[in-house]
Amino acid sequence: MLISVIIPTYNEADNIEKLLKRLTQMTTSIATEIIVVDGGSEDDTVKIAETFDVSVYKSPRKGRAAQMNFGVKQSKGDVLQFVHADTLPPFSNFEDISSAVKDGYSVGCFTYSFDSKHPLLRINSFFTRFDKIWCRGGDQAIFVTRKVFDEVGGYRDDYLIMEDFDFIKKVQSKHPFKIVKNNCIVSARKYQNNSYLKVQLANLKIFRMYDAGASQELMAETYQKILKKWD
């Protein structure tokens, strides 16, 4: 088994070094490759990534969905994992994925906790253990076999927002979904740059717009208007 970790980045100089140190220092007997796909960062993201023994690519299109799909095309793995630059997978990441796949799960994710002790964020973290679509998200280090990724057509390249939610809905409708109860550590920066209530209200609004069939452009514009920094 070869696991390909694909990391989409855009101006992540403050986070990418910590993530790549974490991934490259994991002790594992499982074959892995790490691929960073940058969307045209204006900071030192690419420069920092290139100091590690990983593959670094410039995506022809900016946008997390397009960057992740491009990363898949460069990868060789039987299993794909998508990790946001501000997320730190657990140290047993590769063993957990391998175990899930051997148990018959072709797709899954991890629970998470925030790098903050804010009590309301602990509540958010608690709910990631439940098998409900509104408890899922891209910051849970989603993993999927290449076969299933290709079967559902990957991520929607035209999606500017909600790309992970859309992808999870597609795969869950056809395959059992494994929730690995081993926490990733997720940055609380979105909540720190805004407020807990504002982020929750923004998420609720976008979910409703998505269900109502709103355009990607309108949803992205609405989200950006509500939150100072949302990516």
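Residues numbered from 1 in each chain as written. Predicted model: local features only at pLDDT ≥ 70, side-chain atom pairs only at ≥ 80, totals over all residues. Heavy atoms only, no water.

Caption draft 1: Just a negative patch on the surface, in detail. Judged by side-chain charge, Asp-14, Glu-42, Asp-43 and Asp-44 come together as a negatively charged surface patch. With respect to the element layout, Asp-44 can be found in the loop between strand S2 (31-38) and helix H2 (45-49). For Asp-44, a relative accessible area of 43% gives the class partly exposed. (Patch = residues over 30% accessible without salt bridge, like charges linked within 9 Å, V, L, I, M, F, W, Y side chains within 5 Å. Areas by Shrake-Rupley, 256 points an atom, 1.4 Å probe, with all protein chains shown as cover. Salt bridge = Lys/Arg side-chain N within 4 Å of Asp/Glu carboxyl O. Lys, Arg positive; Asp, Glu negative; His and termini not counted. Charge placed at Lys NZ, Arg CZ, Asp CG, Glu CD. Helix = DSSP H or I, 4+ residues; strand = E, 2+ residues; numbered from the N terminus. Buried < 20%, exposed > 50% of the residue type's maximum accessible area, 1.4 Å probe, protein only.)

Caption draft 2: Region of the structure containing a nonpolar patch on the surface. Taken together, the side chains of Leu-120, Ile-123, Phe-126, Phe-127, Phe-130 and Trp-134 present a nonpolar region at the surface, about 560 Å² in accessible area. Topologically, Leu-120 is positioned in helix H5 (residues 119-126). Look at Leu-120 and you get partly exposed, because its relative accessible area is 33%.

Caption draft 3: Molecular detail of the environment of Lys-198. With respect to the secondary-structure elements, Lys-198 resides in helix H9 (residues 196-211). A residue is classified by how much of its surface remains accessible, and Lys-198, at 38% relative accessible area, is partly exposed. Setting aside anything within four residues of it in sequence, one finds Lys-198 in contact with Ile-226 and Leu-227. (Contact = heavy atoms within 4.5 Å.)

Caption draft 4: The arrangement of the packing of H9 against helix H10 (residues 216-226) in detail. Their axes nearest at 10 Å, the elements H9 and H10 cross at an angle of 170°. If you check the angle between H9 and H10, you find them roughly antiparallel. As H9 runs across H10, the sense of the crossing is right-handed. Facing H9, whose interface residues are Lys-198, Ala-202, Asn-203, Lys-205, Ile-206, Met-209 and Tyr-210, H10 presents Leu-218, Met-219, Thr-222, Tyr-223 and Ile-226. (Axes fitted to C-alpha atoms, helices over the stretch in contact; angles between N-to-C directions. Parallel < 35°, antiparallel > 145°, perpendicular 65-115°, else oblique. Left-handed = near helix turned anticlockwise from the far one by under 90°.)

Caption draft 5: Inspection of the sheet that holds strand S8 (residues 177-186) at higher detail. Read across the open sheet, the eight strands follow the order S3-S2-S1-S4-S7-S6-S8-S5; overall the sheet is mixed. Where the open sheet ends on each side, the last strands, each with one partner, are strand S3 (55-58) and strand S5 (87-88). Taken together, the seven bridges between strand S6 (residues 107-114) and S8 define a ladder with parallel strand orientation. Across the sheet, residue Phe-110 finds its bridge partner in S8, namely Val-180. Helix H4 (residues 93-102) contacts strand S1 (2-9), S2, strand S4 (79-82), S6, strand S7 (142-145) and S8 of the sheet and is inclined by roughly 130° relative to S4. Sitting on the sheet, helix H7 (residues 163-172) touches S6, S7 and S8, and the angle it makes with S7 is about 40°. (Pairing = 2+ DSSP bridges.)

Caption draft 6: The arrangement of the packing of aromatic side chains in detail. The final tally for this structure, using the stated rule, is 13 aromatic pairs. Their ring planes at 45° and their centres at 5.8 Å tell us that Phe-149 and Phe-167 sit as a pair that is tilted. Here Phe-149, found in helix H6 (residues 146-151), pairs with Phe-167, found in helix H7; they are 18 residues apart in sequence, far enough to count as distant. Comparing Phe-149 with Phe-167 shows no difference in burial state: the two are buried. Between the aromatic rings of Tyr-191 and Tyr-196, the centroid separation amounts to 5.8 Å while the plane-to-plane angle is 25°, which identifies the pairing as stacked. (Phe/Tyr/Trp six-rings, centres within 6.5 Å; stacked < 30°, edge-to-face > 60°.)

Caption draft 7: Looking closely at unusual backbone geometry. Although it is not a glycine, Asn-11 sits at a positive phi angle of roughly 50°. As for its placement among the helices and strands, Asn-11 is situated in the loop between S1 and helix H1 (16-24). For Asn-11, a relative accessible area of 25% corresponds to the partly exposed category. Even without glycine at this site, Met-162 takes up a positive phi of about 65°. Looking at where Met-162 falls in the secondary structure, it is placed in the loop between H6 and H7. For Met-162, a relative accessible area of 13% gives the class buried.

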